[in-house]
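Working through the structure, step by step
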Amino acid sequence: MPAAAHFYPQGAELQRKNYIGRKVNKTELHIEPKAFDLEKIRRDFPILGLQVHGKPLCYLDNAATTQKPQAVIDSLVQYYSSMNANIHRGVHHLSEVSTKAFEDARIKVKSFINASSEKEIIFTRGTTESINLVANSFLRGRFEDGDEVIITGMEHHSNIVPWQLFDSIKKIKLRIVPVDDNGELILDDFEKMINEKTKLVSVVYVSNSLGTINPVEKIISAAHKHNVPVLLDAAQAIQHIPVDVRKLDCDFLAFSGHKIYGPTGIGILYGKEKLLDELPPFLGGGDMISKVTFNGTTFNQLPYKFEAGTSNIADAIALGTAIDYVAGIGIDAISSHETEILEYASAKVAEVPGLKIIGTAKNKSSVLSFIFDNIHPHDVGTFLDFEGIAVRTGHHCTQPIMDRFCIPATTRASFAMYNTKEEVDILVRGLKKITEVFN
Ligand code: PLP
């Protein structure tokens, strides 16, 4: 028994060390993009062949979640049919295979966002959990009463509520960067908002309700002049534009697997190693510890310090597959296709009588939000559904920006790499029909 008790944890330790910091053969994980072939891409996504209410599915709700290519679906099936075992702690074959696949997925994420080390890549449940992780670690390690966090007027609720949850423990003041009528940040006074109480700037990279691509480089360099770290909510950036954390020099970056053609329930927190090292863990439990006694606990090395309990192994591996898939198409090619679709759609919807676009920033990505004076967005969404068109209606978890525009909700069409101009035409025909019916 004593021998086994010694052997087992050492085995687990060895298994970890094999993966973190190991030299990876670059060609092993590097994927060269192929030519952008829209028809082939559409064939890769089985759900796009569905009929809805007797009409071909026209899926334009990609900001809510993206559809999954067959490779991602296969990855989940393959994991559960040939690899399923708990990771890091086992010395048997299946555990080693699943540990390798899990840690390879981490390396794929690292390469995709150009992080310096796998230690900087934390698996979470998604953007929401990633932001909550930073908020809670700051609460334990850095915040004092009256400290300030700067966010913007166009944040998703997941970058507002976590900071407000501490109210009964510590009072954190939120300072808000205002938004102009086009949906662009007014940055004139941004630097003046930073003071000795500012502990973090936490901003959305691409707005999910307006489509604005924020000038985050400018924000980061201004914040860094005052030694304030910056967290980027990249939930709507990672699938649309190249994201290079070293070039951006952001301190944290959060995204969700399901927005980038991967599964739900898995996401990433990137953090600079030095900062992650300094911060205390968020959740306690198995895998995040080095030694536990009833008197206290020492924590595991990065990234495990922030990954308590059994991870979402299958979905992490499938996220790696999704990243391979996106890398195989090429994020630049995806970005230019989506820009073409957005420009086409923005011009086409202008033909629809009474339609007003909300969010007309110069630099936009993949989101077209709009309202009618006399038709409620929910009626628009329901009507379009009968045409087989999936759009999102509501406040998109961004109620403060709806208040800013004095509207309760919008209808939002959001585009992905597989959308076509024909689908935009279908949307516009549907919208014209609605105006005929309602007027
Ligand atoms: N931030 C933005 C900009 C989003 O669009 C979303 C989801 O729509 C989130 C955060 C939250 O993502 P999740 O629900 O996957 O955690």
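Residues numbered from 1 in each chain as written. Predicted model: local features only at pLDDT ≥ 70, side-chain atom pairs only at ≥ 80, totals over all residues. Heavy atoms only, no water.

1. What to know about the site of the ligand
- Contacts to the ligand come from Thr-127, Thr-128, His-156, Ser-158, Val-204, Asn-208, Asp-233, Ala-235, Gln-236, Ser-256, His-258 and Lys-259.
- Thr-127 is positioned such that a nitrogen or oxygen atom in its backbone is 3.4 Å from an oxygen atom of the ligand.
- Summarising the interface, the protein chains cover 85% of the accessible area of the ligand, which totals 390 Å² for the free molecule.
- When grouped by side-chain class, the residues that make up the shell around the ligand number two nonpolar, eight polar and two charged. (Near = heavy atom within 4 Å. Polar contact = N/O pair within 3.5 Å; in protein donor to acceptor, adjacent residues only side chain to side chain. Areas by Shrake-Rupley, 256 points an atom, 1.4 Å probe, with all protein chains shown as cover. Nonpolar A, V, L, I, M, F, W, Y, C, P; charged D, E, K, R; others polar.)

2. So, the domain arrangement of the protein chain
- What the domain assignment reports for the protein chain is domain 1 (93–328) and domain 2 (331–438).
- The straight-line distance from the C-alpha centre of domain 1 to that of domain 2 is 29 Å.
- Listed per partner, the contact involves 29 residues of domain 1 and 31 residues of domain 2.
- Summed over both sides, the interface between domain 1 and domain 2 buries roughly 2400 Å², with carbon and sulfur atoms accounting for 55% of that surface.
- Linking domain 1 with domain 2 are two salt bridges.
- At the boundary of domain 1 and domain 2, one finds 19 residue pairs in polar contact (both at pLDDT 80 or more).
- Considered class by class, the residues forming the side of domain 1 that touches domain 2 number 13 nonpolar, 12 polar and four charged. (Domains from an automatic or database assignment. Contact = heavy atoms within 4.5 Å. Buried area = accessible area lost by both parts, 1.4 Å probe. Salt bridge = Lys/Arg side-chain N within 4 Å of Asp/Glu carboxyl O.)

3. Thoughts on the packing of helix α5 (residues 93–113) against helix α12 (residues 313–329)
- Running from N to C, α5 and α12 cross one another at 40°; their axes reach a closest spacing of 8 Å. Accordingly, the angle class assigned to the pair α5 and α12 is oblique. As α5 runs across α12, the sense of the crossing is left-handed. Facing α5, whose interface residues are Ser-98, Ala-101, Phe-102, Ala-105, Lys-108, Val-109 and Phe-112, α12 presents Ile-313, Ala-316, Ile-317, Leu-319, Gly-320, Ile-323, Asp-324 and Val-326.
- For the contact of α5 with α12, the residue count by class is 11 nonpolar, two polar and two charged. (Axes fitted to C-alpha atoms, helices over the stretch in contact; angles between N-to-C directions. Helix = DSSP H or I, 4+ residues; strand = E, 2+ residues; numbered from the N terminus. Parallel < 35°, antiparallel > 145°, perpendicular 65-115°, else oblique. Left-handed = near helix turned anticlockwise from the far one by under 90°.)

4. Considering the pairing of strand β10 (residues 267–271)
- Most of β10 is tucked away: five of the five residues are buried.
- Across the two faces of β10 the burial is the same, with Gly-267, Leu-269 and Gly-271 and Ile-268 and Tyr-270 all buried.
- Bridging between strand β4 (residues 121–124) and β10 involves four bridges; their strand directions are antiparallel. Its bridge partner lying in β10, Ile-122 is registered against Leu-269. (Buried < 20%, exposed > 50% of the residue type's maximum accessible area, 1.4 Å probe, protein only. Pairing = 2+ DSSP bridges.)

5. Some points on the sheet that holds strand β17 (residues 410–414)
- Judged by pairing direction, the sheet is antiparallel, and its four strands sit side by side in the order β13-β14-β17-β16 without closing on themselves. Lying at the two open borders of the sheet, with one neighbouring strand each, are β13 (355–358) and β16 (392–394). Here the strands of the sheet are splayed against their neighbours by 30° on average, with no regard to which way each runs.
- Relative to β17, β16 runs antiparallel, the two being bridged by three bridges. Residue pairing in the sheet places Thr-393 in a bridge with Thr-411 of β17.

6. What to know about the nonpolar core
- With 76 residues, the main nonpolar core has Ile-113, Tyr-205 and Leu-232 as its most contacted residues.
- Ranked by residue count, the leading element in this core is α12, at nine residues.
- In this structure, this core is formed jointly by two domains, domain 1 (93–328) and domain 2 (331–438), each of which donates at least three residues.
- Residue contacts for Ile-113: discarding those within four places in its chain leaves Ile-121, Ile-238, Val-243, Asp-244, Val-245, Phe-255 and Tyr-270. (Core = buried A, V, L, I, M, F, W, Y, C linked by side-chain atoms within 4.5 Å.)

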